[in-house]
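# Examination of the molecular architecture
Residue-level listing of the chains:
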Amino acid sequence: MSAEERRESVVRAAITEFARGGYNGTSTEVIARRVGVSQPYLFRLFPNKQAMFLAAAERCLEDTRQVFAAASKGLEGEEALHAMAAAYQRLIVDDGEKLMMQMQMYAAVAAAEAAGDHAFGESLRAAWVRMWDDVHITLGADESETTTFLAYGMLVNTLASLGFPGGHRVWSGFYVSGRPTE
């Protein structure tokens, strides 16, 4: 395997492990073991644990951005909105690690900020802004629509993380495309 292929394996393993254990609760040893490499090799690919976490979190955001782009391709307005909402529901149902990684990312950045490390979240804020910008353009550059769509997305994250089933009344205010099917 090339170094780039190994790096990709590390990012995928890091998403899995950090999604489960969070930034502070995940060791680089467990990531190395999942990939089948030694820790020293891991540190040839990434300078430190923080770099691995940030690469995993950035990938998670980029994957979400790509899901929105693919779902809304060729669509405008409400059609695009509903397509993106349905695609996001499928993403977090089909790949629960993406949801858990997002939640861990927000917690890790908040903890770093609280500890005075304002640089930790810079690349993640930039990735989030890229996603916001793409959604914004797709929804006709309407700030209210963009904010509402992403606010609903964060509520989806919360409700899904708490395990509310699709038929529960807390989902009743969502457009049908944004509700879980199970």
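The structure contained in this document is the topic of the report that follows. (Residues numbered from 1 in each chain as written. Predicted model: local features only at pLDDT ≥ 70, side-chain atom pairs only at ≥ 80, totals over all residues. Heavy atoms only, no water.)

## Description of the overall build of the protein
Note the threshold: Secondary structure follows DSSP: runs of H or I at least 4 residues long count as helices, runs of E at least 2 residues long count as strands, and numbering of each begins at the N terminus. Both definitions apply: the radius of gyration is a C-alpha atom measure, and the globule rule equals 2.2 Å times residues to the power 0.38. Relative accessibility thresholds used throughout: buried, under 20% of the residue-type maximum; exposed, over 50%; partly exposed, between the two (1.4 Å probe, protein chains only). Contact criterion: two residues are considered in contact whenever any of their non-hydrogen atoms come within 4.5 Å of each other. The protein chains shown are the only cover counted for residues, whose accessible areas, like all others here, come from Shrake-Rupley with a 1.4 Å probe. Think of it this way: Lys and Arg go in the positive column, Asp and Glu in the negative one, and His and the chain ends go nowhere. Charged groups are reduced to one reference atom each: NZ for lysine, CZ for arginine, CG for aspartic acid, CD for glutamic acid.
On a plain count of helices and strands, the protein comes out with eight helices and zero strands. Reading the protein from its N end, one meets helices and strands in the order α-α-α-α-α-α-α-α. Relative to the globule expectation of 16 Å for 182 residues, the C-alpha radius of gyration of the protein, 17 Å, shows essentially globular dimensions. For the protein, the residues scored as buried account for 40% of the 182 residues in total. The contacts in the protein between residues at least 6 apart in sequence include a share of 58% that link residues at least 24 apart. When the accessible surface of the protein is totalled, it reaches about 9,500 Å², and 53% of it is carbon and sulfur. For the protein, the distance from the average site of its 17 positive side-chain charges to the average site of its 23 negative ones is 8 Å.

## Remarks on the nonpolar core
For clarity, the threshold we go by: Here, the term nonpolar core denotes a set of buried Ala, Val, Leu, Ile, Met, Phe, Trp, Tyr and Cys residues that are joined through side-chain atoms within 4.5 Å.
Core analysis: the biggest nonpolar cluster contains 47 residues, and Val-10, Phe-18, Ile-31, Phe-53, Met-101 and Phe-149 have the highest contact counts within it. Elements supplying a minimum of two residues to this core: α1 (3-21), α2 (28-35), α3 (39-45), α4 (49-72), α5 (77-94), α6 (96-114), α7 (122-138) and α8 (143-161). Counting residues per element, this core draws most heavily on α4, which supplies nine residues. Those residues in contact with Phe-149 that lie beyond four places of it in its chain are Phe-68, Leu-81, Met-84, Ala-85, Val-135, Leu-139 and Tyr-175.

## Things to note about the pattern of salt bridges
For clarity, the cut-off: The working definition used for a salt bridge is a side-chain nitrogen of Lys or Arg within 4 Å of a carboxyl oxygen of Asp or Glu.
For the coordinates displayed, the defined rule picks out 10 salt bridges. With a shortest N-O distance of 3.2 Å, Asp-63 and Lys-98 are connected by a salt bridge. Here the residue Asp-63 occupies a position in helix α4, and Lys-98 occupies one in helix α6, the gap between them amounting to 35 residues. Relative accessible area serves as the criterion here: at 24%, Asp-63 is assigned to the partly exposed category. Ionic pairing is found between Glu-113 and Arg-125, a salt bridge with its closest N-O pair at 3.1 Å.

## Some words on the environment of Arg-34
Short version of the rule: As used in this structure description, the phrase polar contact means that two N or O atoms lie within 3.5 Å; if the pair is within protein, one of them must be able to donate a hydrogen and the other to accept it, and residues adjacent in sequence are counted only when both atoms belong to side chains.
Structurally, Arg-34 is set in helix α2. The exposure class of Arg-34 is partly exposed, given its relative accessible area of 42%. Arg-34 sits 22 residues away from Arg-12 along the chain, and the two C-alpha atoms are 9.7 Å apart. Beyond its immediate stretch of four places on either side in the chain, Arg-34 contacts Ala-13, Thr-16, Glu-17 and Arg-20. In this structure the side chain of Arg-34 is engaged in a polar contact, spanning 2.6 Å, whose partner is the side chain of Glu-17.

## Focus: a negative patch on the surface
As a reminder of what qualifies: Patch definition: residues above 30% relative accessible area lacking any salt bridge, with like charges linked at up to 9 Å and the nonpolar side chains Val, Leu, Ile, Met, Phe, Trp and Tyr linked at up to 5 Å.
Taken together, the side chains of Glu-78, Asp-142, Glu-143 and Glu-145 define an acidic patch exposed on the protein surface. By secondary structure assignment, the location of Glu-78 is in helix α5. By relative accessible area, Glu-78 is classed as exposed at 61%.

## Points about α7
To keep it simple, the criterion reads: The span you would expect from a helix comes to 1.5 Å times its residue count less one.
Between its terminal C-alpha atoms α7 stretches 24 Å, which fits the 24 Å expected from 17 residues at 1.5 Å a residue. Residues of α7 that are buried: Leu-124, Ala-127, Met-131, Val-135 and His-136. Where the residues of α7 are buried, they touch α4, α5, α6 and α8. Residue Gly-140 follows α7 closely and has a positive phi angle near 80°.

## Notes on the packing of α6 against α8
Note the cut-off: Axis geometry follows a simple rule: fit a line to the C-alpha atoms, using only the stretch in contact for helices, then measure angles between N-to-C directions, giving values from 0 to 180 degrees. Angular relationships are summarised with four words: roughly parallel below 35 degrees, roughly antiparallel beyond 145, roughly perpendicular across 65 to 115, and oblique for the angles in between. All residues other than Ala, Val, Leu, Ile, Met, Phe, Trp, Tyr, Cys, Pro, Asp, Glu, Lys and Arg, Gly among them, are scored as polar; the first ten of these are nonpolar and the last four charged.
Where α6 meets α8, the axes come as close as 10 Å, and the angle between the chain directions of the two elements is 110°. Regarding the angle of α6 to α8, the classification is roughly perpendicular. Listed contacts from α8 to Leu-99, Gln-102, Met-103 and Tyr-106 of α6 are Met-154, Asn-157, Ala-160 and Ser-161. Of the residues contributing to the contact of α6 with α8, the split by class is five nonpolar, three polar and no charged.

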